[in-house]
Amino acid sequence: MALWNNELGKTFIVAEIGQNHQGSLHTAKQMIKAAKDCGADCVKFQRSNLSEKFTASALARPYTGPNSWGSTYGEHKQWLEFSIDQYRELQAFAAENDIAFTASAMDGASYRELEEQLSVPFIKIGSGDADNVPILRYAANRSTPLIISTGMLDWDQICTIHMMFRHRKDVALLHCVSSYPTRAEDSMLQMIPLFRSHFPELTIGYSGHELGIQLTVASVVLGAQVVERHFTLDKSWKGTDHKASLNPAELTRMVRCIRVVEKKPGNKDIWTVIEQTRSVLEEDDFNESELLVALKEVSTNNRKLLECERSCHDKLGKSLVYANDVRCGAILSETDIQIKVSEPKGLAPRWYDSVVGKMVKQPVLKDNPVLEQHF
């Protein structure tokens, strides 16, 4: 059974530490303890095998900005990555502090590590892999509970996820906008009741990247049963996620408010949502005009790659790439194709099935992007 099904009517609150630990095991432990003290139900990290997630060219690109931990993007990401033994140490520390521990699987190898070596209670598939056909298919036939975010997807892609997982009772689908921070006018909170009506077999939740707590509290009023927010000890720390993260004071207030409004979830008119949200928030946390625009009416046509998500998509969106050198005239098999962050980009992962079985009309090299002109 999924952890979010353990207590009927209680919202499952995930504090995403991600890589806000700055590459420090000590800081990561401080953050686990702080998240527990704030009232979160779970802490979540991000697990990557860099050569499985990125092409060699993506790892080699210069990365020397103010948020960098190395001269190349690969050095930067390696600095922030914990080993499996370090994950085991963090997992044990979380257990000692009575808080659930898990991570997002940022590639197929990481998924198998989390499942087989760490036996986490659930695995998160982030928005960057929500169109990763091989990972989704693998996950659909496993027994580990899942949370799947839906940033950067269009409605048809979300419906495909639903079709793949509707036989499961332990999968949560999270409305998400992959913009850091997300503006109120881009947040589309009404997607939550829309998800609830279209995907009744799945648990519906919200992964928020906005500033402040009111939109996340409102998401619970709208029926979100799982909520996830990035968490930091200090928003001034180096790194791109800290600004859109909650500090301990904010996370504590958010948990307190959610524990009140979760007792009356469900579909409500806009003004009821606003009043219920207002009733639990402190004055400095409430902004009616922002909440009103966040609650604007939406339809299935509104869930598409948004303009505000393009920078995230350009940086971390994945592509089909060649897993091997392939000779001219060869017919591609599944073992010839991988899905990675690639520079330059190739065809989108959603076209995986269209590419497998095609003949390449020119020789292609391992780790290079799959392009239409190859067929």
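In case you missed it, the structure is sitting above this.
The sections below set out a description of the structure shown in this document.

Position of Glu210 relative to the elements: it lies in the loop between β7 (203–208) and α10 (214–221). Among the polar contacts listed, one links the side chain of Glu210 to the side chain of Thr216, at a separation of 2.7 Å. Leaving out residues up to four positions away in the same chain, Glu210 has contacts with Thr182, Leu215, Thr216, Arg229 and Ala244.

Another aspect to go through is the packing of aromatic side chains. In the structure shown here, the tally under the stated rule is 14 aromatic pairs. Look at Phe12 and Phe122: their rings are 5.9 Å apart centre to centre, the planes differ by 75°, and that puts the pair in the edge-to-face class. Here the residue Phe12 occupies a position in strand β1 (residues 12–18), and Phe122 occupies one in the loop between α6 (108–116) and β4 (123–125), the gap between them amounting to 110 residues. Take Phe122: its relative accessible area is 1%, and that puts it in the buried class.

A turn of α-helix holds 3.6 residues, and therefore any two residues three or four places apart point the same way. With 13 residues, helix α5 (residues 84–96) extends 18 Å from end C-alpha to end C-alpha; this agrees with the ideal 18 Å at 1.5 Å per step. Those residues of α5 lying buried are Ile84, Tyr87, Leu90 and Ala94. Looking down the long axis of α5, one finds its buried residues gathered within 110° of arc, a one-sided arrangement. The exposed residues of α5 that point more than 90 degrees off its buried face are Asp85 and Glu96. Check the buried side of α5 and you find it contacts α1 (25–38), β2 (42–47), β3 (100–105) and α6. Looking at the residues trailing α5, positive phi occurs at Asp98, about 60°.

Moving on, we come to the nonpolar core. Ranked by size, the top nonpolar core spans 82 residues in total, and within it Phe45, Ile148, Phe165, Leu173, Leu189, Phe231 and Leu251 carry the most contacts. It is α1 that contributes the most residues to this core, 7 residues altogether. Residue contacts for Phe165: discarding those within four places in its chain leaves Leu136, Ala139, Ala140, Leu146, Ile148, Val171 and Leu202. Judged by nonpolar contacts, the second largest core, of 15 residues, contains Leu320, Ala330, Ile337 and Tyr352.

Cut-off values and rules
- Residues numbered from 1 in each chain as written.
- Predicted model: local features only at pLDDT ≥ 70, side-chain atom pairs only at ≥ 80, totals over all residues.
- Heavy atoms only, no water.
- Helix = DSSP H or I, 4+ residues; strand = E, 2+ residues; numbered from the N terminus.
- Polar contact = N/O pair within 3.5 Å; in protein donor to acceptor, adjacent residues only side chain to side chain.
- Contact = heavy atoms within 4.5 Å.
- Phe/Tyr/Trp six-rings, centres within 6.5 Å; stacked < 30°, edge-to-face > 60°.
- Buried < 20%, exposed > 50% of the residue type's maximum accessible area, 1.4 Å probe, protein only.
- Expected span 1.5 Å × (residues − 1).
- Arc of directions from axis to C-beta.
- Core = buried A, V, L, I, M, F, W, Y, C linked by side-chain atoms within 4.5 Å.

Purely geometric numbers; function is a separate question.
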